[in-house]
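Examination of the molecular architecture
Single-letter residue listing:
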Number of protein chains: 4
Amino acid sequence: MIIVLKPHASEDQILRVEELIKKKGLEAHIVRGEEMTIIGCIGDTTAVDSRLFEVDSAVDKVMHVQEPYKLANRAFHPDDSIIDVSGVKVGGEHLAVIAGPCSVESYEQVLEIAKAAKASGANMIRGGAFKPRTSPYSFQGLGLEGLDILCAVRDEVGLPIVTELMSPDYLDVFNEKVDLIQIGARNMQNFDLLKQLGKVDRPILLKRGLNATYEEWIMSAEYIMASGNENVILCERGIRTFESFTRNTLDLQSIPVLNSKTHLPVIIDPSHAGGKWWLVEPMAKAAIAAGANGLMIEVHNDPDSALCDGAQSLKPEKFDALMKQIRQIAAVVDKRI
Amino acid sequence: MIIVLKPHASEDQILRVEELIKKKGLEAHIVRGEEMTIIGCIGDTTAVDSRLFEVDSAVDKVMHVQEPYKLANRAFHPDDSIIDVSGVKVGGEHLAVIAGPCSVESYEQVLEIAKAAKASGANMIRGGAFKPRTSPYSFQGLGLEGLDILCAVRDEVGLPIVTELMSPDYLDVFNEKVDLIQIGARNMQNFDLLKQLGKVDRPILLKRGLNATYEEWIMSAEYIMASGNENVILCERGIRTFESFTRNTLDLQSIPVLNSKTHLPVIIDPSHAGGKWWLVEPMAKAAIAAGANGLMIEVHNDPDSALCDGAQSLKPEKFDALMKQIRQIAAVVDKRI
Amino acid sequence: MIIVLKPHASEDQILRVEELIKKKGLEAHIVRGEEMTIIGCIGDTTAVDSRLFEVDSAVDKVMHVQEPYKLANRAFHPDDSIIDVSGVKVGGEHLAVIAGPCSVESYEQVLEIAKAAKASGANMIRGGAFKPRTSPYSFQGLGLEGLDILCAVRDEVGLPIVTELMSPDYLDVFNEKVDLIQIGARNMQNFDLLKQLGKVDRPILLKRGLNATYEEWIMSAEYIMASGNENVILCERGIRTFESFTRNTLDLQSIPVLNSKTHLPVIIDPSHAGGKWWLVEPMAKAAIAAGANGLMIEVHNDPDSALCDGAQSLKPEKFDALMKQIRQIAAVVDKRI
Amino acid sequence: MIIVLKPHASEDQILRVEELIKKKGLEAHIVRGEEMTIIGCIGDTTAVDSRLFEVDSAVDKVMHVQEPYKLANRAFHPDDSIIDVSGVKVGGEHLAVIAGPCSVESYEQVLEIAKAAKASGANMIRGGAFKPRTSPYSFQGLGLEGLDILCAVRDEVGLPIVTELMSPDYLDVFNEKVDLIQIGARNMQNFDLLKQLGKVDRPILLKRGLNATYEEWIMSAEYIMASGNENVILCERGIRTFESFTRNTLDLQSIPVLNSKTHLPVIIDPSHAGGKWWLVEPMAKAAIAAGANGLMIEVHNDPDSALCDGAQSLKPEKFDALMKQIRQIAAVVDKRI
């Protein structure tokens, strides 16, 4: 942490700031210039709230040098984390391919899609049982019934299931039944929920909030990890920008950036980002070429009558064709499904 | 709702879409042009999920004409809603002036600030007991102890209290003790929490999410209203943009826009938006000049040692000077405290 | 400038960076910590390209402490600049009130509007002769004919005229005829044009680019000033954000921020920001309450048939009513027209 | 174009709007509903300014159905445009690979880089002679001298050259000497310059503005095309978002979106987007996987001492390794260099 003092800060003021630094267990190195004085703070600043210094009337600004996260930090854990999702490995060279309908509609629907997806190479099945909808008047998902459908399909098809948790009330039932618990973009900074996820045995799929910086996103993973659950997979699903033709702007730079900052796996959801099925194929290929640890793709057997988000779903045939190209690109960048 | 079909849609396809429209209880008016066919849908489209049409392979796009909200809609409730917060009126010509520290630190601290704020003209007291913090290692608030301090200050000073609810676990205790329950920006689309607020007797202060559109913000109010609680006050606190010198960009156009779209009161929080105390005064004056129904301002007796966000707090003397100008500007735009 | 070295930078590397710093005429103060080494650079860094250090393989990041602008910098010119526009003062307590149609359509049109605007309190007349239009097929303005109409109205009404320059080809004619030369948002970083404005005798009204940071905006003013013309007025006209209901988001925090960073006057254009006439009144009042040095407002005698942007123009009666409230609010914040 | 009238519009008002529509050469189809009346306008609306209708007091909103561009529109030119750059084909299956230093520094520098780049597979050479810099105090490029260096390298190496034009003053010399004239992001809406490019014989490389929507970007190409030069290549180089760790957010969805809307080739510049050399490789591969028609990559033989943007340049060895993977990925998606 570097503290820049205001021009013409007095010796008394400098001393006051220096003492505050020492009180926080840090060393203070003072650099006096003609026009400004800066203080370099040496030590572990992760748990030091920089606002404490910013409010001092002699301080101009506080600049961070160290990352504010530890458990998620690549610097302290140089090797890729490999997350085990009920036997499926995610991270390093192992790609997750999560496919399934936006919403769980019926056992037959999910089963048919799951079988086709598995045949094409998917290694996990997704489906929304509890749906976050902007309008209270929109379909909100089948709830616990949807969850049971997913479990029945898992038993039949033999692939782990992924579905979104929206309420702490269902924490126990998700922990019992769901292989990979998804936290949606809108709950990325629902800190109350994040803390409770520390008590869960299952790995967590943490989606990036629509306006979350890389650092905020990793800090939300850190919340879960600091609460006791270190098995977190990050999922980019588009950020909100001025461009409104696409639902969101898919930020694929997040892949190399996150890989440099954290050891956690990063997967990409091209279906929600673009909101149009014909954007899914090129973006899925791009994600793998950029080094993503996996994909989350909406597949639907009858997109024309899907209860939600059919417009962004691939038909099984298209998903199958896509997977063939994905395999080829994965080989170029040393990944495998 | 207007449905634009793809160029060269066949008569069979047009018929299929027409039938789907009728099945949803709407009337369909077909406009056939040489290059395109459009269908105007007449009727109540609020509860119709437009995605149902977008996924049809014959449909090019669906355009909305009606707003997707009813209870919050100015069109159906032309008069301003006046929300009663334990005797303090908010809305129409009545201004809310909510002041207090960012975090509750001690009874003495809150009491001193509350007395000063009341003397300057504040009519509600704020203070954070549960704090949403980006880092799990930052101070998270005094919790229930902080809530009890706020209650004790209310009893002493005689002004309603406002504080943030982060977890459904505390719904009952907030309903019992808090006059105006705040939902923070990060929970604006925590739909599980919003639904539960319908059961509460207290009015709700709903902050705008950092990347929420006007429509999404009103839809979150609609969630609370549709669940049974129609007493919602909206609070703009800045949106996230490319500009990073200020913490957020305060969107004061939200005041006239929201006033045209909804009958709910709109207040402004200039402290969190800018993140710097010297931005609070000009923005508070601007908000009132633009027609806001109130202000939420951080006041601290010792910003230099505040546990959080001291940098954006006004000292009581500055708050007092500000209130004098606020009263003058309020008079120009026919508002009163 | 503060240079943070990579962890474990060698003594040789530190020495190399130190020498590069000295070669640029700066002093280097090295702070060695266990985990990192930082170097404080003391001296005038305005003309030093920080990229030179960023590319060094031993450097982790370079942090700026000093502002990169000099001539526009409040720190070196503590007093407000008062810009003289053909006799009308702008800056400090003097408010500019610039009114007129979006486009010059005819002598009669501009004259009628100018007379009404002057009667209501406007002290400059605006009107577009050359129009920046997104589409090559839209009306592009009357060009030089429009300029002559503006001049004729000036002679008749006795107020300075403001109009936009888009091409360096017209630099001489604008210098001869236009009292205040406007540079539009889309040309804010047309550096070739900015440099040429240094040769002009007339003051410049520099609009903020739709995605320009405060610093970039001031740097564009610095371009003009460094080229020889120190008479620059800044004009905020909204920035582009995710919110699309309004044309742009008007950033009124720009007023106090710019006032702290630069001595140049800052005026507000609420007409272009919102794109709707009913947003102009509340935002104009808010701008003055926030301390703006003036307003630029579209007024049209027949908005229903305006050739461009009629939707955002006020009728003269509404402008007159607005000016009455503006005067009252100006008095509260110690400004006058 | 669809015109939605205000609720309770009178028959007189409807008639007035209908007449205005007919006056513009369009057919009007009126759909009367209980709560609203909409008018479908049939005909060529490209040259109709929708503002003309928006300002009518009976009109609620105007919705566009047709794209506002013609010459650049894929709908009217279904086949991919193949642009010939002095013998190098760009578009369809033909990939452009443009490599070279950010700034031209010397003949030796450019020659060495150009030879290495060609050996690795580049088919055009880039280098900045005139540099758009945020600060007037930064290095502004070698100007005409730099242009001559580029020409000399072209003669030696035998590859077309690409460089940025900032001023209409140099239009003739660029037309004479430069194979592919680049228009930078900051000049994307410098309409005066765009119009003049219509007179040039050389193809144009049009970079996307930092805050330009897809439609605005295509409209800027349409300006050039409508002025007489149909040889335009589009170049995505990142957009400005709230995320500031990367210089800009690279929007790879632009590739499939632009491919659906326009027949013009789309290439990607990963160097400027991210601003860090280690983001270039993964993003270049992602771009090709997503179907881009080419890449523009900064290569430098000595990034540690580059006069600008060295931090984002690849060394020739890294560029060579990248090209090997690019070729493999290109083969998967049916492209070739």
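What comes next is a walk through the structure. (Residues numbered from 1 in each chain as written. Chains lettered and ligands numbered in written order. Predicted model: local features only at pLDDT ≥ 70, side-chain atom pairs only at ≥ 80, totals over all residues. Heavy atoms only, no water.)

**Structural notes on unusual backbone geometry**
Residue and element names in this part refer to chain B.
- The backbone of Asp 334 shows a phi angle near 65 degrees, a positive value even though the residue is not glycine.
- By secondary structure assignment, the location of Asp 334 is in the segment after helix 11 (316-332).
- Under the relative-accessibility criterion, Asp 334 is labelled exposed at 60%. (Helix = DSSP H or I, 4+ residues; strand = E, 2+ residues; numbered from the N terminus. Buried < 20%, exposed > 50% of the residue type's maximum accessible area, 1.4 Å probe, protein only.)

**Considerations on the relation of the copies chain A and chain B**
- The operation relating chain A to chain B is a screw motion whose rotation component is 180 degrees, with 0.0 Å of axial translation and a residual RMSD of 0.0 Å. What the superposition gives is, in effect, a two-fold axis relating one chain to the other. Minimal C-alpha distance to the rotation axis in chain A is attained by Asn 211 of chain A, lying at 3.1 Å.
- Looking at chain A, 100% of its interface residues are interface residues in chain B too, so the copies touch through the same face. (Least-squares fit on C-alpha atoms with pLDDT ≥ 70 in both. Contact = heavy atoms within 4.5 Å.)

**Thoughts on the packing of aromatic side chains**
- Using the criterion set out here, one finds 16 aromatic pairs over all chains in the structure.
- A ring pair is formed by Phe 130 of chain C and Tyr 170 of chain C, whose centres lie 4.8 Å apart and whose planes are at 35 degrees; its orientation type is tilted. Here Tyr 170 of chain C lies in the loop between strand 9 (161-164) and helix 5 (171-177) and Phe 130 of chain C lies in the loop between strand 8 (124-126) and helix 4 (144-157), a separation of 40 residues in the sequence.
- By relative accessible area, which is 29% here, Tyr 170 of chain C ends up partly exposed.
- Put simply, the rings of Phe 130, Tyr 170 and Phe 174 of chain A pair up and form one aromatic cluster.
- Sitting over the ring of Tyr 137 of chain A, Lys 70 of chain B keeps its end group 5.8 Å from the ring centre. (Phe/Tyr/Trp six-rings, centres within 6.5 Å; stacked < 30°, edge-to-face > 60°. Lys NZ or Arg CZ within 6 Å of the ring centre and 35° of its normal.)

**Some details on the interface of chain A and chain C**
- Across the boundary between the two partners, chain A contributes 22 residues, which contact 22 residues of chain C.
- Counting across the chain A and chain C interface gives zero salt bridges.
- For the pair chain A and chain C, the number of links is zero residue pairs in polar contact (both at pLDDT 80 or more).
- Of all the secondary-structure elements, those providing two or more residues to the side of chain A that touches chain C are strand 1 (2-5), strand 2 (27-32), strand 3 (37-42) and strand 4 (59-63) of chain A.
- Counting residues per element, the side of chain A that touches chain C draws most heavily on strand 3 of chain A, which supplies four residues.
- Of the residues assigned to the side of chain A that touches chain C, the class counts are 11 nonpolar, six polar and five charged. (Salt bridge = Lys/Arg side-chain N within 4 Å of Asp/Glu carboxyl O. Polar contact = N/O pair within 3.5 Å; in protein donor to acceptor, adjacent residues only side chain to side chain. Nonpolar A, V, L, I, M, F, W, Y, C, P; charged D, E, K, R; others polar.)

**Side note on the pattern of salt bridges**
All names here are of chain A.
- All told, the structure shown has 60 salt bridges over all chains when counted by the stated rule.
- When the shortest N-O distance is used, the salt bridge between Asp 251 and Arg 208 registers 2.9 Å. Of the two residues, Asp 251 is situated in the loop between strand 12 (232-236) and helix 8 (254-261) and Arg 208 in the loop between strand 11 (204-207) and helix 7 (214-226); the sequence distance between them amounts to 43 residues.
- Three or more residues joined by partner-sharing salt bridges are found here, namely Arg 154, Asp 155, Asp 179 and Arg 202.

**A look at the sheet that holds strand 2 (residues 27-32) of chain D**
Residue and element names in this part refer to chain D.
- As summarised here, the arrangement of the four strands in space is 2-3-1-4, forming an open sheet in which the pairing is antiparallel. Looking along the sheet, the strands with just one partner apiece sit at the ends: strand 2 and strand 4 (59-63). Shown here is a sheet whose adjacent strand axes are inclined to one another by a mean of 20 degrees, direction ignored.
- Sitting on the sheet, helix 1 (residues 11-23) touches strand 1 (2-5), strand 2, strand 3 (37-42) and strand 4, and the angle it makes with strand 2 is about 155 degrees. (Pairing = 2+ DSSP bridges. Axes fitted to C-alpha atoms, helices over the stretch in contact; angles between N-to-C directions.)

**Some details on the sheet that holds strand 1 (residues 2-5) of chain B**
Residues and elements named next belong to chain B.
- Spatial ordering of the open sheet is given by 2-3-1-4, a layout of four strands whose pairing is antiparallel. The open sheet has two free edges, formed respectively by strand 2 (27-32) and strand 4 (59-63), since each of these has just one partner strand. Along the sheet, successive strands turn relative to each other by an average axial angle of 20 degrees, direction set aside.
- Two strands pair when backbone bridges link them, and strand 2 and strand 3 (residues 37-42) are joined in this way by six bridges, in the antiparallel orientation. Of the residues in strand 3, the one forming a bridge with His 29 is Gly 40.
- Contacts from helix 1 (residues 11-23) reach strand 1, strand 2, strand 3 and strand 4, with the element oriented near 155 degrees to strand 2.

**Overview of the relation of the copies chain A and chain C**
- Laying chain A over chain C is done by rotating through 180 degrees and shifting 0.0 Å along the axis; what remains is an RMSD of 0.0 Å.
- Taken as a fraction of all interface residues of chain A, those also at the interface in chain C reach 100%, which identifies the copy contact as same-surface.

**Describing helix 11 (residues 316-332) of chain C**
- The terminal C-alpha atoms of helix 11 of chain C, which comprises 17 residues, lie 25 Å apart, in line with the 24 Å expected from a rise of 1.5 Å per residue.
- Of the surrounding secondary structure, the elements contacted by the buried residues of helix 11 of chain C are helix 10 (277-289) and helix 11 of chain B together with strand 7 (96-100), helix 3 (107-120), helix 10 (277-289) and strand 14 (294-298) of chain C.
- Just downstream of helix 11 of chain C, Asp 334 of chain C is the residue with a positive phi angle, here 65 degrees. (Expected span 1.5 Å × (residues − 1).)

**Digging into the packing of helix 3 (residues 107-120) of chain D against helix 4 (residues 144-157) of chain D**
Residues and elements named next belong to chain D.
- Closest axis-to-axis distance for the helix 3/helix 4 pair is 9 Å, and the angle between their directions is 40 degrees. For the element pair helix 3 / helix 4, the angle class is oblique. Classified by chirality, the crossing of helix 4 by helix 3 is right-handed. Two secondary-structure elements touch here, helix 3 through Tyr 107, Val 110, Leu 111, Ala 114, Lys 115 and Lys 118 and helix 4 through Ile 149, Leu 150, Ala 152, Val 153, Glu 156 and Val 157.
- When its residues are assigned to classes, the contact of helix 3 with helix 4 shows nine nonpolar, no polar and three charged. (Parallel < 35°, antiparallel > 145°, perpendicular 65-115°, else oblique. Left-handed = near helix turned anticlockwise from the far one by under 90°.)

**A word on helix 4 of chain C**
Residue and element names in this part refer to chain C.
- Over its 14 residues, helix 4 runs 20 Å from end to end, which matches the ideal 20 Å to within 8%, given 1.5 Å per residue.
- Every buried residue of helix 4 is accounted for by Gly 146, Leu 147, Ile 149, Leu 150, Cys 151, Val 153, Arg 154 and Val 157.
- Buried residues belonging to helix 4 abut helix 3, strand 8, strand 9 and helix 5.
- Looking one or two places after helix 4, you find Gly 158, whose phi comes out positive at around 80 degrees.

**Quick word on the environment of Leu 180 of chain A**
Residues and elements named next belong to chain A.
- Within the secondary structure layout, Leu 180 lies in strand 10 (residues 180-183).
- Look at Leu 180 and you get buried, because its relative accessible area is 0%.
- For the pair Leu 180 and Asp 201, spaced 21 residues apart in the sequence, the C-alpha separation amounts to 9.9 Å.
- Setting aside residues up to four positions removed in sequence, Leu 180 forms contacts with Val 85, Ile 98, Met 124, Ile 161, Val 162, Thr 163, Pro 203, Ile 204, Leu 205 and Ile 233.

**What to know about the packing of helix 3 of chain D against helix 11 (residues 316-332) of chain D**
Residue and element names in this part refer to chain D.
- Two numbers describe how helix 3 lies on helix 11: the axes approach to 9 Å, and their chain directions differ by 25 degrees. Taken as axis vectors, helix 3 and helix 11 run roughly parallel relative to one another. When the axes of helix 3 and helix 11 are compared, the crossing they make is right-handed. Residue-level inspection shows Ala 116, Ala 117 and Ser 120 of helix 3 in contact with helix 11, the latter providing Pro 316, Phe 319, Asp 320, Met 323 and Arg 327.
- In terms of residue class, the contact of helix 3 with helix 11 is made up of five nonpolar, one polar and two charged.

**Here we look at the side chain of Asn 211 of chain B**
- Topologically, Asn 211 of chain B is positioned in the loop between strand 11 (204-207) and helix 7 (214-226).
- Residue classification places Asn 211 of chain B among the buried residues on the basis of a relative accessible area of 14%.
- If sequence neighbours within four positions are ignored, Asn 211 of chain B has contacts with Leu 210, Asn 211 and Arg 240 of chain A, Glu 216 of chain B together with Phe 242 of chain C.

**Re the interface of chain A and chain B**
- Taken residue by residue, the interface counts 51 residues in chain A and 51 residues in chain B.
- For the chain A and chain B pair, buried surface summed over both sides reaches about 4,200 Å², with 48% attributable to carbon and sulfur atoms.
- One salt bridge in this structure joins Glu 216 of chain B and Arg 240 of chain A, with 2.7 Å as the shortest N-O distance.
- For the interface between chain A and chain B, the tally reads 18 residue pairs in polar contact (both at pLDDT 80 or more).
- Of all the secondary structure elements, the ones that give two or more residues to the side of chain A that touches chain B are helix 2 (51-54), helix 6 (191-197) and helix 7 of chain A.
- The element best represented in the side of chain A that touches chain B is helix 7 of chain A, accounting for five residues. (Buried area = accessible area lost by both parts, 1.4 Å probe.)

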